[in-house]
Amino acid sequence: MPYTAIVVGAGSKIAQAIIVQLIEAPDCQQIIAISRQQTFSNEKVTSFNCEYTEACIEQLCSGLKLNYPVAFTFICQGILHQGELQPERKIEAISAENMRKVFEANTVIPSLWLEYLTPHLKSTEPCKVVLFSARIGSISDNQLGGWYSYRASKAALNMMVQTFSVELARRAKNIKLLAFHPGTTDTPLSEPFQGSVPEGKLFSPEFVAAQLLSLLDALEVDGKASYMDWNHQPISW
């Protein structure tokens, strides 16, 4: 059945790999690619630029013209480091300004995208929505500490995913939410930290995209949120 896919944060390496693989999917007839400045030259792809303010998100979503039911939505946007903003290794490194930036990017903006996209996702057809989280956002899995803002922002995103799922199970039963941990991927986000990655555990964006798409094919729309990794394994919230 022909479907539409929506990719938010389409400028990221994993998002671009997802788009390339969706272009090759016969049933995917329309791809909405949203980023700050990236554009794509393919007849299936419609590119939109957005500064990720709430006003821009609301305006863009309200004007979307979708030709088919939305089968997949990928909210890939987020930050780990940016200029002088780096993951905190100790309590003394915590900064209110940096913490606000990280929460804005990793929790607030993804939540706003889901809020304003939801009217387009409701239908009689299954719609699977991926929000890029991280294993480091698992409260029960936290054995190492550190990385305060990033860790907490992803834990907060996970709570938003859980809470959205409770409401959507009543209001939009066709929507399945997934908090996804892509593993350490060879992208600018992980580049400063790749030296400590074990051999064989630094993945290409193409590999992660393929793993995610195969995971989505297997996921059931069950009215519950899932938290899973690139290897299709559940993660403890």
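The rules behind these values
Residues numbered from 1 in each chain as written. Predicted model: local features only at pLDDT ≥ 70, side-chain atom pairs only at ≥ 80, totals over all residues. Heavy atoms only, no water. Phe/Tyr/Trp six-rings, centres within 6.5 Å; stacked < 30°, edge-to-face > 60°. Helix = DSSP H or I, 4+ residues; strand = E, 2+ residues; numbered from the N terminus. Disulfide = S-S within 2.5 Å. Buried < 20%, exposed > 50% of the residue type's maximum accessible area, 1.4 Å probe, protein only. Pairing = 2+ DSSP bridges. Right-handed = clockwise from strand over helix to strand, strands pointing away.

## Focus on the packing of aromatic side chains
According to the stated counting rule, one finds nine aromatic pairs in the structure shown. Relative to F72, the ring of Y3 lies with its centre 5.4 Å away and its plane at 85°, an arrangement referred to as edge-to-face. With Y3 in strand β1 (residues 3-8) and F72 in strand β4 (residues 70-75), this pair connects stretches of sequence that are 69 residues apart. Relative to W230, the ring of F207 has its centre 5.9 Å away and its plane inclined at 55°; by these criteria the two rings are tilted.

## As for the state of the cysteines
Summed over all chains, the structure comprises one disulfide. Two residues, C50 and C56, share a disulfide whose sulfurs are 2.5 Å apart. Judged by its relative accessible area of 19%, C56 falls in the buried class. The closest cysteine sulfur to the non-disulfide-bonded C127 is located on C28, 12 Å from its own sulfur.

## Some details on the pairing of strand β5 (residues 127-132)
Across the six residues that make up β5, a large majority, six, are buried. Neither face of β5 is left uncovered, since the one carrying C127, V129 and L131 and the one carrying K128, V130 and F132 both have all their residues buried. Here β4 pairs with β5 via four bridges, running parallel. Bridge pairing in β5 places I75 opposite L131. Regarding topology, helix α3 (residues 96-121) serves as the crossover connection from β4 to the parallel β5, and that connection is right-handed. By the bridge criterion, six bridges tie β5 to strand β6 (residues 175-181) in an arrangement that is parallel. In the sheet register, F132 faces β6, and the bridge partner there is F180. For the segment spanning β5, helix α4 (residues 148-171) and β6, crossover handedness is right-handed.

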